[in-house]
Amino acid sequence: MDKPATKDLTAFILNGNHVQCEPRPGERLSESLRERLGARDVKEGCSAGDCGACTVLLDGDPVCACLVASQQAAGRRVETLAGLVREDRDAQTLMTRFQQHQAAQCGICTPGMMVSAVALLRAEPHPSAEQVQDALGGVLCRCTGYRKIIDAVVGAHDGTAPAPVSQELGQPTPRFDGQAKVDGSERFGDDVAPQAALVARVIRSPHPAARFEFGDLAAWQAAHPGVYCVLSARDIPGQNLFGVIPGFIDQPVFALRHVRFRGEAVACVVGEVEAMAALDLASFPVNWTQEPAAMEVAAALDPDAPQLFEERPGNIMCSGLVQCGDAETALAAADHVVEAAYTTSFVEHAYIEPEAGFAEMVEGRLHVHACTQAPGMDRAALAEVLALPQSAIRIVPTAVGGGFGSKIDLSLQPFIALAAMKTGRPVRMTYSRVESLQSTTKRHPAQIRVRIGAKADGSLSGMTFDGDFNTGAYASWGPTVANRVPVHASGPYALQDYRARSRAVHTHCPPSGAFRGFGVPQSAIAQETAFDLLAEKLGIDALDFRLKNALANGVPTICGQVFEQGVGIRACLEALRPAWEKAKSDCADFNARHNTRKRGVGLASGWYGCGNTSLPNPSSFKAGLTAAGEIVLHQGAMDIGQGANTVIPQIFARAIGLPVAAISVLGADTDITPDAGKTSASRQTFVSGNAARLTGEALRSAILRQVNASETARIRLEAGRLLVEDATHVKELDLSRLEPDAEGYVLRAEESYDPPVRAMDANGQGEPYAQFGYAAHLAIVEVDIPLGLVRPLHFTAAHDVGRAINPLLVEGQVQGGIAQGLGMALMEEFVPGRTENLHDYLIPTIGDVPPIDTLIIEIADAHGPYGAKGLGEHVLIPTAPAIFNAIYHATGARITHAPATPSRLRAALKEAGHA
Ligand code: FES
């Protein structure tokens, strides 16, 4: 039997106050600070000292609180962000600068970053960028790309903070929800549970394929006082399945008798905090019988491979196709053809906040507080699992410490919801870093073959694309990837003869799902690196080759869709020309002087259709005017760090004709905000932005009608009075004569927006998206030939965003996306059972991301709110191929497998003739 350990009193000074607590022997300081002393400003991302989110000052020195036993703090001085920003001038300065520079996006890493920066500034008041990189090197950020963090810390004492700017649309205003992120008061999934909450932990499969039987669960529970219940498949009141695509709802909440991937849930144990902390899950009574597993696409496609689903023969879950013209004939007629094969690896989202939250029953209804990208989808899926009407479920999203696609899917929600219903008590859960890596979705590994032809004049002549994507054990967003890739695999180029096929193939791996780009970053690696080979064969400059073939207004895409306006790829490519010409010359100069280190420059383009592919994709908003003269916007678009909480109010304010500061914003909550859809597919600025615009316009019209004012009149709010001013009059709307509705609004507006798309036919011809965004990246790298190391030196990124609603947030998205693309290109490779933590699974650190120039291109889109286009996915699509093209330019070594780890690069260098 597991017994709670005896505890001793530990006393220390926390943020200037004498405190004491009773930690268990060996308890981490991070846990004592958060759970016993309420210091929730200390964040935990890994419990292993890898991410640095929990950095505090111990006697003035930065340490990971998760690596310090609480007893080691006895008699010492502990400082956390919340205490520092109250008393410390450096911390207060950083608080301002982090906001002004947009150095905090989701904000989960920010306490660790700022605490580390305070320690640096105490020792070195005027640090260089290199000193900042050294001092903050132990703290990981997955959102920002680090450059703005460096900018915020360098010069903190120089009085060089940017001047305040207007908050209105088009201005680079700091995010409106930024203060909580920089003062430590932001509440993420693990920060919100009540003290009395029970704790749930999941029993997971250690094998990728196995049958299993439980032992005597009742006896095991009885032997563990403090354990309230053990939940398994038999406890699910509704459908023991979840998923995200109709027709592909296939993942059990709890596996029944057999598992399909390592990390799959089979049971959940719920109990009191101390009992659960003492619990050794290895004692849980379950017997496993391993079965053969197919871990890779080739193995899964073998005729003798174990079949994951009877109804999906050959382990092929689904496929996608786009074809136009006659690709084979065009390739046969081409003067030059490049044929190449590429493979990519699983990529982990690696947000710094693991999945976390709590659930409780409130007056007979289920409330779920957790990090999510899709509250409406969570509610619908939970209703099916729990056999509840959706009206009986309230989803209250917490702040989200990064998502990037994976937090669209359910993770812990069914477990805590079921446990709260069973026990009647609040139940909390936070995934360990290991179970987050083991069990949540990944970017699809891909095996791709392309053939691309061109005429001697440089015009494209035929392309074929065949891609198999490892979709893992369950569907998740695999069907979306299979459908989206063929639509994008051409890149933003004109091709009359094209055929692209994709397949999503089941394996005994974690489900692959949504990850920034939905398969397009993988296909862009193949197409954009093959383009460089083709340009070389043609003897044409790589930029000129792309420009010759780039799409333009009025030119059909490979789906036959014609955009008469808004096609911005040429402008992106042209914007890179000065940097391109200079980099080619600089690299040649450098290479003439060095033998073992070589520099190269590479280009790549990208495009991305914003929103769902040929499917309904609505967002809904509402807003109201209260009797007290307050304008309230119900903003349900999840902000996962990208900035919806800022951009959407900027759009709404412009539409209604008031300053942003005059708008009160209510955040996402399924009880109070209409469904703004999921935060994914670069849709929130475009789709939700349009819904917010329409809502603002409707409420404005309702106000103007009340006083018979013209559409051009100006609305003003002054001390609770609503004034409408036109060329000749100022009229006051008498709010007291209007009857408030049940929500207290005397006037209200509710509007939806669904992008106009048209279904694709069997050949993928149609209008899959109402708008695309466009991008082109330029990467300069240095290759250490003997070591096989690549060091990116500089990026220039041109992005057509239609209209930059907030240029500061655009830069943040671009820099963060490039950092993720850099990771995908050079280091990130999830291997089930091998890289299940953040010291084996490597993501870029602050020392890995070089300076980035962001060139904002504004080719307005007729469908976008004030011309805006989506951006979230585009930002990493060209990055990896630009790096690979730069490596080729530097060395002649072709990279055909991502990531280009040193061993792979060394092999490619040898093949290219380097010793
Ligand atoms: Fe750094 Fe999100 S802002 S992890």
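The structure presented is a predicted model; accordingly, all values stated were derived computationally and were not measured.

**Quick word on unusual backbone geometry**
Omega for the bond connecting alanine 898 with proline 899 falls within 30 degrees of zero, at 5 degrees, which places this linkage in the cis form. You can see proline 899 is positioned in the loop between α22 (879–891) and α23 (902–911). The phi dihedral of tyrosine 146 falls on the positive side, at around 70 degrees, and the residue is not glycine. Structurally, tyrosine 146 can be placed in the loop between α5 (129–135) and α6 (147–153). We classify tyrosine 146 as buried; its relative accessible area is 1%. One non-glycine residue, tyrosine 866, lies in the positive phi region at around 55 degrees. Tracing the sequence through the fold places tyrosine 866 in the loop between β33 (852–857) and α22.

**Some details on the packing of helix α3 (residues 89–100) against helix α4 (residues 110–123)**
Interhelical geometry of α3 versus α4 gives an angle of 130 degrees and a closest axis separation of 9 Å. As summarised for this structure, α3 and α4 are arranged oblique, according to the angle between their axes. As for the relative orientation of α3 and α4, their crossing is right-handed in sense. Together, Asp90, Ala91, Leu94, Met95 and Phe98 of α3 and Thr110, Met113, Met114, Ala117, Val118, Leu121 and Arg122 of α4 make up the contact between the two elements.

**Comments concerning the packing of aromatic side chains**
If you walk through the whole model with that rule in mind, you get 16 aromatic pairs. Ring centres 6.2 Å apart and planes at 75 degrees place the aromatic pair phenylalanine 261 and tyrosine 474 in the edge-to-face group. Here phenylalanine 261 is found in the loop between β9 (258–259) and β10 (265–271), whereas its partner tyrosine 474 is found in the loop between β21 (460–472) and α15 (478–488), with 213 residues between them in sequence. Residue classification places tyrosine 474 among the buried positions, given a relative accessible area of 0%. When the ring centre of phenylalanine 590 is taken as origin, the NZ or CZ atom of arginine 599, which lies over that ring, is 3.9 Å away. Sitting over the face of the ring of tyrosine 866, arginine 654 holds its NZ or CZ atom 5.8 Å from the ring centroid.

**Some details on the pairing of strand β17 (residues 393–397)**
Both faces of the sheet carry side chains from a regular strand, because those side chains alternate between them. When you tally the buried positions in β17, you get 4 out of 5 residues, the bulk of the element. One ladder, built from 5 bridges, connects strand β16 (residues 365–370) with β17; its direction is parallel. Across the sheet, residue histidine 367 finds its bridge partner in β17, namely arginine 394. You can see the chain leave β16, run along helix α12 (residues 375–386) and come back into β17, and the turn it takes is right-handed.

**Section: the sheet that holds strand β11 (residues 286–290)**
Either a parallel or an antiparallel arrangement is found when strands of a sheet pair, and the pairing is made through backbone hydrogen bonds. Pairing is antiparallel in the open sheet, where 3 strands are placed in the order β9-β7-β11. Every interior strand has two partners, whereas the edge strands, β9 and β11, have only one. Direction of pairing for strand β7 (residues 210–214) relative to β9: antiparallel, over a ladder of 2 bridges. The residue bridging alanine 210 from the neighbouring strand is valine 259, located in β9.

**Here we look at α4**
Over its 14 residues, α4 runs 20 Å from end to end, which matches the ideal 20 Å to within 8%, given 1.5 Å per residue. For α4, a buried count of 12 out of 14 residues is recorded, marking the element as mostly surrounded by other parts of the structure. Along α4, the residues classified as buried are Thr110, Pro111, Gly112, Met113, Met114, Val115, Ser116, Ala117, Val118, Ala119, Leu120 and Leu121.

**Structural notes on the side chain of glutamate 360**
Along the chain, the position of glutamate 360 falls in strand β15 (residues 356–362). One buried charged residue, glutamate 360, forms no salt bridge at all, with the nearest opposite charge on arginine 394 at 8.1 Å.

**So, the nonpolar core**
A general trend in soluble globular proteins is that nonpolar side chains are found buried together. If you look at the biggest cluster of nonpolar residues, it comprises 166 residues, and the most contacted ones within it are Phe98, Val450, Ile883 and Ile887. For this core, the element with the most residues is helix α16 (residues 520–538), which contributes 10 residues. Sequence-distant contacts of isoleucine 883, defined by excluding residues within four places in its chain, comprise Ala779, Val781, Phe795, Leu822, Ala825 and Leu826. Counting residues in each nonpolar core, the second largest holds 37 residues, with Ala637, Ala644, Phe652 and Leu733 among its members.

**Some details on the sheet that holds strand β12 (residues 316–324)**
Taken in spatial order, the 5 strands make up an open sheet running β12-β22-β21-β20-β13, and their pairing is mixed. This sheet does not close on itself; its edge strands, each paired only once, are β12 and β13 (336–343). Neighbouring strand axes in the sheet, compared pairwise and without regard to direction, differ in orientation by 5 degrees on average. One ladder, built from 9 bridges, connects β21 with strand β22 (residues 498–506); its direction is parallel. Note that in β22 the partner of aspartate 466 across the bridge is arginine 501. Those strands touched by α16 are β13, β20 (446–454) and β21, and its axis lies near 150 degrees from that of β13.

**So, the packing of α12 against helix α13 (residues 413–423)**
Viewed as axis vectors pointing N to C, α12 and α13 meet at an angle of 50 degrees, and their least axial separation amounts to 11 Å. One way to sum up the angle between α12 and α13 is to call them oblique. Crossing geometry of α12 relative to α13 is assigned as right-handed. Packed against α12, whose contacting residues are Asp378, Leu382 and Leu386, the element α13 presents Gln413, Pro414, Ala417, Leu418 and Met421 at the interface. Residues of the contact of α12 with α13, tallied by class, amount to 6 nonpolar, 1 polar and 1 charged.

**Some words on the environment of isoleucine 895**
Examined against the element boundaries, isoleucine 895 turns out to sit in the loop between α22 and α23. Its relative accessible area of 7% is what places isoleucine 895 among the buried residues. Spatially, the C-alpha atoms of isoleucine 895 and isoleucine 703 are 60 Å apart, while their sequence positions differ by 192 residues. Filtering out sequence-adjacent residues up to four positions away, isoleucine 895 remains in contact with Tyr342, Phe884, Ile887, Ala900, Leu905 and Ala908.

**A short note on the environment of alanine 119**
The topology assignment puts alanine 119 in helix α4. Along the backbone, alanine 119 and glycine 60 are 59 residues apart, and their C-alpha atoms lie at a distance of 6.9 Å. Each residue touching alanine 119, except ones within four places of it in the same chain, is listed here: Leu57, Gly60 and Pro62.

Cut-offs used in this document
- Residues numbered from 1 in each chain as written.
- Predicted model: local features only at pLDDT ≥ 70, side-chain atom pairs only at ≥ 80, totals over all residues.
- Heavy atoms only, no water.
- Helix = DSSP H or I, 4+ residues; strand = E, 2+ residues; numbered from the N terminus.
- Buried < 20%, exposed > 50% of the residue type's maximum accessible area, 1.4 Å probe, protein only.
- Axes fitted to C-alpha atoms, helices over the stretch in contact; angles between N-to-C directions.
- Parallel < 35°, antiparallel > 145°, perpendicular 65-115°, else oblique.
- Left-handed = near helix turned anticlockwise from the far one by under 90°.
- Contact = heavy atoms within 4.5 Å.
- Phe/Tyr/Trp six-rings, centres within 6.5 Å; stacked < 30°, edge-to-face > 60°.
- Lys NZ or Arg CZ within 6 Å of the ring centre and 35° of its normal.
- Pairing = 2+ DSSP bridges.
- Right-handed = clockwise from strand over helix to strand, strands pointing away.
- Expected span 1.5 Å × (residues − 1).
- Lys, Arg positive; Asp, Glu negative; His and termini not counted.
- Salt bridge = Lys/Arg side-chain N within 4 Å of Asp/Glu carboxyl O.
- Core = buried A, V, L, I, M, F, W, Y, C linked by side-chain atoms within 4.5 Å.
- Nonpolar A, V, L, I, M, F, W, Y, C, P; charged D, E, K, R; others polar.

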